[in-house]
Structure formats: structure tokens, C-alpha cells
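Below, each chain spelled out in residue letters.
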Amino acid sequence: MSSLGETSSQTIANSRLAFIFPNGSITHNQTGVYFQSLTRTPMRLLDDCSFDTLKRRMHNTLQLTNNQLVDEVYYRQPFIDAGQQYFFTSLQLKTDDDDIYTMLMCNEQYSCVGPIKLLCTNIRTPDAILNLLQSTITPTPDALMYYNWNWNIP
């Protein structure tokens, strides 16, 4: 659980609990959005987490192979309306670290709503897709001539 030489108590003190909803869906109800998935996987997010670190930790926590990637990441972001009611919206986390900072600050400000909830989509790498296609498609003369994005005409 610890990383970069930290003890587990340091990791827990300087981190937040998050749940990953892999390949789930975003559903709307009277309080905004919620995430659905077949599984929920817990992980810890360090307080100084970057977007790249978040994706790498999600990849490792979900035990994805080298042929799989974490593609899109959504955060279930809480907010309070004028009537002091809690609602939730989904925020797609982008490559800049500003979204990660927003997520961590919202979790601190609205700590009463529970842990961070992240929905992610996982995809195959382009090489894995090509390998899958090559193993499932019966080659035709045209496909053999056009291989690896080049015409292979003898």
C-alpha cells in the first residue's frame, strides 16, 4: 500500500480513499448522477497526486495488462444548491492537474459525502486490437496485400 519509501501510516495520513467503477455507466436520479459498475475497487489517492499518477495507480489497482489502458476518467463531484441540498455532477478529468486539484479540494470540502468515486473506461492498446483482429479474421488476398498500413505487392 505504501509507495516511494513511505510507511503505511504516512500513506493513509496523506491520502484519500477512492472507489473505482471500472467500465461502468453514469446514471441520473433526483440527486444528480451516480456511477454503476459490476465491481467497485478501493484504492488510496495521495494528496499530491497528478493526473498521470492517478491513471497509473488506477491501472495498477485494477491489475490491467500491458495491452489495456485507462482511457476516460470521471469524478462524481458533490455540490450544494441554494436550498442546502447535496447534489452530484460528473466531471471528466483531463490531462491537466487542475481537475485533480478540484477533485481533492471538493473531497476535503464535502468530506461528509464519503470517499472519492471515479468511473473509468478501459480500452485495448492499438497493437492489442490489431493482434485480436489478426487472430480472428480469415485472411483474404486483399487483406494480405494491405498489411501494416502498406501495400505488400510482390
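Reference entry: report on the structure contained in this document. (Residues numbered from 1 in each chain as written. Predicted model: local features only at pLDDT ≥ 70, side-chain atom pairs only at ≥ 80, totals over all residues. Heavy atoms only, no water.)

## Quick notes on empty space enclosed by the protein
Stated formally: For cavity detection a 1 Å grid was placed over the protein atoms alone, and a set of points counts as a cavity when a 1.4 Å probe fits there but cannot get out; an open set counts as a pocket when protein lies on both sides within 12 Å along at least five of seven lines, with lining residues being those that have an atom within 4 Å of a point. Grid points are joined across faces, edges and corners, and a volume is the space filled by probe spheres set on the points. Note on conventions: DSSP H or I runs of at least 4 residues are helices, E runs of at least 2 residues are strands, and numbering of each starts at the N terminus.
This model, assessed by the stated rule, comprises one cavity of 30 Å³ or more. By volume, the largest cavity amounts to about 60 Å³. Tyr-75, Arg-76, Pro-78, Phe-88, Asn-107, Val-113, Gly-114, Pro-115, Ile-116 and Lys-117 together form the lining of the largest cavity. Counting only elements with at least two residues in the lining of the largest cavity, the list comes to strand E5 (68-80) and strand E7 (116-124). Of the residues forming the lining of the largest cavity, the biggest block, three residues, is contributed by E5.

## Topic: the packing of aromatic side chains
Each aromatic ring pair is specified by the distance between its two centres and by the angle formed by the two planes. The following threshold applies: Only rings of Phe, Tyr and Trp enter the pairing, Trp through its six-membered ring, and a pair is recorded when the two centres are within 6.5 Å. The plane angle decides the type: under 30 degrees is stacked, over 60 is edge-to-face, the rest tilted. Remark: exposure states derive from per-residue accessible area (1.4 Å probe, protein chains only) relative to the maximum for the residue type, with buried under 20%, exposed over 50%, and partly exposed in between. Put simply, a charge is over a ring when the Lys NZ or the Arg CZ is close to the ring centre, within 6 Å, and near the line of the ring normal, within 35 degrees.
As enumerated under the stated definition, the model contains three aromatic pairs in all. Measuring from centroid to centroid gives 5.9 Å for Phe-21 and Phe-35, while their planes differ by 70 degrees, and the two rings are edge-to-face. With Phe-21 in strand E1 (residues 15-22) and Phe-35 in strand E3 (residues 32-36), this pair connects stretches of sequence that are 14 residues apart. Neither Phe-21 nor Phe-35 differs from the other in exposure class; each is buried. Ring geometry for Phe-79 versus Phe-87: centroids 6.1 Å apart, planes at 25 degrees, classification stacked. Here Phe-87 falls in the partly exposed class, since its relative accessible area comes to 22%. Sitting over the ring of Phe-19, Arg-40 keeps its end group 5.4 Å from the ring centre.

Worth remembering: the numbers are spatial, not functional.
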